Each structure stands twice: as C-alpha cells, then as structure tokens.
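Coordinate analysis (summary)
As a plain string of letters, each chain reads:
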Amino acid sequence: MIRVIKFEKDNCAPCNMVSEFLDNKGINYEKVNPFENPEVAMRFRVRTVPTVIVTKENEEVKRVIGFKPEELLAISSLQQA
C-alpha cells in the first residue's frame, strides 16, 4: 500500500503550492507539521518543508523537497500502481 506524507507548516507559500498541486492531481496525502510532531519528522529525517515522502510497505520509495511539479507528478503514477 502506498502512503504519501506531506510535511508542512502554516503560512508557508511553497507548502501551499504543493498542496494545491497534489489536490488538483487527485493525490491523497497525509499532512504533518514537523514542528508540532517532531518525533515523526525525526523518524523520516525531515529537515525542511515542504517535504513529500512516499512509502510502500513502510519503505521510502520517493522524496520530494520543495515545489517540483515534475517530481510531484511522478507520485501519481506510484499511487496508481
């Protein structure tokens, strides 16, 4: 099973751009604020926002840092596989 986790914070323009992109492409994701959930951020070694991590069977298969539409689009094909 594919799981998409988006690490973001409030008032972050690039974070909002990533959310809008994922929403427009119909990609389901979980939102995590690393400042409110530091243990989750530490587990995934997230150092900056926005960071999108895709896992399959609890193994990381893709990581996108920042707003990179071409890389974010690849998540759609992973989710459909």
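See the structure shown above.
If you're wondering where the values come from, they're calculated on a predicted model, not measured in any experiment.

Analysis parameters
- Residues numbered from 1 in each chain as written.
- Predicted model: local features only at pLDDT ≥ 70, side-chain atom pairs only at ≥ 80, totals over all residues.
- Heavy atoms only, no water.
- Core = buried A, V, L, I, M, F, W, Y, C linked by side-chain atoms within 4.5 Å.
- Buried < 20%, exposed > 50% of the residue type's maximum accessible area, 1.4 Å probe, protein only.
- Helix = DSSP H or I, 4+ residues; strand = E, 2+ residues; numbered from the N terminus.
- Contact = heavy atoms within 4.5 Å.
- Disulfide = S-S within 2.5 Å.

Ranked by size, the top nonpolar core spans 12 residues in total: Ile2, Val4, Val18, Phe21, Leu22, Ile27, Tyr29, Val52, Val54, Val64, Leu72 and Ile75. Breaking this core down by element, the ones donating at least two residues are strand S1 (2-7), helix H1 (13-24), strand S3 (51-56) and helix H3 (69-80). The element contributing the most residues to this core is H1, with 3 residues. Sequence-distant contacts of Val52, defined by excluding residues within four places in its chain, comprise Val4, Ile5, Lys6, Val18, Leu22, Lys62, Arg63, Val64, Leu72 and Ile75. Judged by nonpolar contacts, the second largest core, of 10 residues, contains Ile5, Phe7, Val49 and Ile53.

Within the secondary structure layout, Asn33 lies in the loop between strand S2 (30-32) and helix H2 (38-43). Along the chain, Asn33 and Lys9 lie 24 residues apart, while their C-alpha atoms are 5.3 Å from each other. Asn33 has contacts with Glu8, Lys9 and Asp10, leaving out every residue within four places of it along the chain.

Turning to the state of the cysteines, a few remarks are in order. Applying the stated criterion across every chain, the model contains 1 disulfide. What pairs with Cys12 in a disulfide is Cys15, and their sulfur atoms sit 2.4 Å apart. One disulfide, between Cys12 and Cys15, carries an S-S torsion of 70° and so falls in the right-handed class.

Here we take up the side chain of Thr55. Here Thr55 shows up in strand S3. What makes Thr55 buried here is its relative accessible area of 6%. Aside from chain neighbours lying at most four places away, what touches Thr55 is Met1, Ile2, Arg3, Phe44, Glu60 and Val61.

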